[in-house]
Amino acid sequence: MHWLDWATLGAYFVVMLLIGVWSHRRVSDVSDYFTGGGRMPWWLTGISHHMSGYSAAVFVAYAAVAYNYGITVYVWAFLPLALGTGVGAFLFAPRWNRLQKRFKVASPLEYLKRRYNVPTQQALAWSGAALKVFDVAAKWASVAVLLKVFTGMSMTNGILLTGIITLLYCTVGGLWADALTEFGQFIIQGVAALSMMWVVLDRLGGISGLGTLWHRLPEGHTDPLVGPYTAGFLTAYVVVKLFEYNGGMWNLAQRYMATDSPRSARRSAGLSAALYLVWPAILLLPAVAAPVLMPHVADPQQTYALMAQSYLPMGLVGLTLAGMFSHTMAMASSDANAVSAVVTRDILPALFPSFRNASGERGLLAGRVFTVVFIAGSMIVAIEADHFGGVLGIIVGMVAAVMGPISIPMLLGLLPAFRRCGPRAALASWALGLGGYFFVKYGLDGASQTTVVVTPLVTSLLVYTVLGLIMPEPNAEADAVVAAVSGPGRRPRTEPGRRTAAGGGAGLTRGSAEGRSPFWGRGRCNGGYAGVRRPRTRSGAPPAARCPSRARSPRAGTVTARGPRCSKGG
């Protein structure tokens, strides 16, 4: 590259680091670090959600699919993102926000202890964290391929360079650093992508050349579904992405939790869905047109990089490379923050009881340490990415296939229709779904890509739903959680003969302002829990007792115990 391109790329890295340092001043506890304190504007979280949703794999693996098969890559890879996020704007985004506002959680899995039980929470936390290591590793490998083409840098050095820069700013600044750098990356990547599109259109003969492009493409390149990308594959991919992009990818759930209200969360998801509908078409146009402009590319994964080097002037090459970096760094940093939240808030309290009431400073330190550990582990896996099927093999063959069993209990557990699905259904759907993946992936010879993606998804969904119907597990605490996140004033639904704790809280407590988890207390009833209406007497006043085992003496105004003593831990 020319020195001007190196200067542009260097300036990009410096700006990202400065944003991380500035964001450090906004972080005082784990709530700030993992959810931005719940005060981010909807447009910022919407752009952040979008930028966190895909990486440099767009310019490597997906560009190769566009070069080999044409527009089908937009149909099966990106339209499902727009559809899934659009549906989630009404179904899931407001619920994630209410979960954060009413329980002060900092991890998307924190509520699973009460919704199901600790074993279910731990199973999803451990398996999801392990999956994310491979997912982010594919992103590092993608950007290393680009660096190799542009600069001649080795794959290992490219992975280390990108990972270390990302590690520095996201470890220091937390979610605020992630969101602000993603906004800056969106602007940079937008300028680079529009420049690339303009140059390609000029090579095609101007705007009119876009109209004739479709007749000049190789046969089958204008078909929406072609080759291994069948209707069955598309259907499964839509369902997978519905779960993945509405919370199955924990970092995306964090974006909804970080907004200031459920309405803002819905608007954030709507903005992200609109961007998924439009922006990938702009990004992929050069790769789709590449068979006409560069018909003899030996390695299709290098298509986008080769076009940038051949067509763009000095300075814009570096800007384009920075734009490619931006997606990977955005996705990897947000994943690191989410996994660190799960480890700090869900895994460590289960392993070490002293972490259940960890102070803000101690939790913040643990979050930063595990951010470093996660990024370092993913870089090691990225260096060995070829052993796991390459970039596309990891993204589609592993992440998309395994996402269903991990995300189905977590997402469906928020919905009233599945309130009777308890820990038995959750654990069985998780275990059998993963078992189905390993069977078709490694036990069957010649299993198609569609089979690998569909089997674990369908297995998990059927097991979870059917067990909830034939072996329901009604639970007052689970009902209270579902009612709390489903809307203002919604009362928990209980089975005949069952009672919830006074106030419908069923053992849930207010979250701590300093970041302690409200879900790790010892008590089972503590009715004064934020966000759930307490029942009222005929006179309209709230009942005197905050807990079913306590009563207030009308004469002396003191609390007298009736039955087992209630703790305040919740």
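Treat the numbers as computed from the prediction; the structure is a model and nothing was measured. (Residues numbered from 1 in each chain as written. Predicted model: local features only at pLDDT ≥ 70, side-chain atom pairs only at ≥ 80, totals over all residues. Heavy atoms only, no water.)

### Examining the pattern of salt bridges
Pairing between side chains of opposite charge can happen when their charged atoms approach one another. For the structure on display, the rule yields four salt bridges. With a closest N to O distance of 2.7 Å, Lys241 and Glu244 form a salt bridge. Taken together, the residues Lys241 and Glu244, both in helix H12 (residues 231-248) and three residues apart, mark about one turn of the helix. Across the pair, exposure class does not vary: Lys241 and Glu244 are buried alike. The shortest N-O distance in the salt bridge between Glu473 and Arg424 comes to 3.8 Å. Within this pair, whereas Glu473 is found in the loop between helix H20 (449-470) and helix H21 (476-486), its partner Arg424 is found in helix H19 (residues 423-443), the two being separated by 49 residues in sequence. What makes Glu473 buried here is its relative accessible area of 19%. Judged by its relative accessible area of 39%, Arg424 is partly exposed. (Salt bridge = Lys/Arg side-chain N within 4 Å of Asp/Glu carboxyl O. Helix = DSSP H or I, 4+ residues; strand = E, 2+ residues; numbered from the N terminus. Buried < 20%, exposed > 50% of the residue type's maximum accessible area, 1.4 Å probe, protein only.)

### With respect to the packing of helix H7 (residues 93-103) against helix H14 (residues 262-293)
Viewed as axis vectors pointing N to C, H7 and H14 meet at an angle of 140°, and their least axial separation amounts to 8 Å. By the criterion of interaxial angle, the relationship of H7 to H14 is oblique. Relative to H14, the crossing made by H7 is right-handed. Within the contact between the two elements, H7 uses Ala93, Pro94, Asn97 and Arg98 and H14 uses Pro262, Ala265, Arg266 and Ala269. Partitioning the contact of H7 with H14 into residue classes produces five nonpolar, one polar and two charged. (Axes fitted to C-alpha atoms, helices over the stretch in contact; angles between N-to-C directions. Parallel < 35°, antiparallel > 145°, perpendicular 65-115°, else oblique. Left-handed = near helix turned anticlockwise from the far one by under 90°. Contact = heavy atoms within 4.5 Å. Nonpolar A, V, L, I, M, F, W, Y, C, P; charged D, E, K, R; others polar.)

### A look at the environment of Leu17
Among the structural elements, Leu17 can be located in helix H1 (residues 3-24). On the basis of relative accessible area, Leu17 is assigned to the partly exposed category, the value being 28%. Spatially, the C-alpha atoms of Leu17 and Leu167 are 9.8 Å apart, while their sequence positions differ by 150 residues.

### Regarding the nonpolar core
Of all hydrophobic cores here, the largest spans 136 residues; its most connected members are Tyr62, Trp76, Trp96 and Tyr464. Setting aside residues no more than four positions away along its own chain, Trp96 makes contact with Pro108, Tyr111, Asn246, Gly247, Ala253, Tyr256, Met257, Met410, Leu411 and Leu414. (Core = buried A, V, L, I, M, F, W, Y, C linked by side-chain atoms within 4.5 Å.)

### A look at the packing of helix H4 (residues 61-69) against H14
The interhelical angle for the contact between H4 and H14, taken along N-to-C directions, is 40°, at an axis separation of 7 Å. Classified by chirality, the crossing of H14 by H4 is right-handed. Together, Tyr62, Ala63, Ala66 and Tyr67 of H4 and Leu284, Ala287, Val288, Ala290 and Pro291 of H14 make up the contact between the two elements. Along the lines of polarity and charge, the residues of the contact of H4 with H14 split into nine nonpolar, no polar and no charged.

### Quick word on unusual backbone geometry
Its identity is not glycine, yet Lys104 carries a phi of approximately 55°, on the positive side. Relative to the helices and strands, Lys104 is located in the loop between H7 and helix H8 (112-115). According to the relative accessible area criterion, Lys104 is partly exposed, its value standing at 41%.

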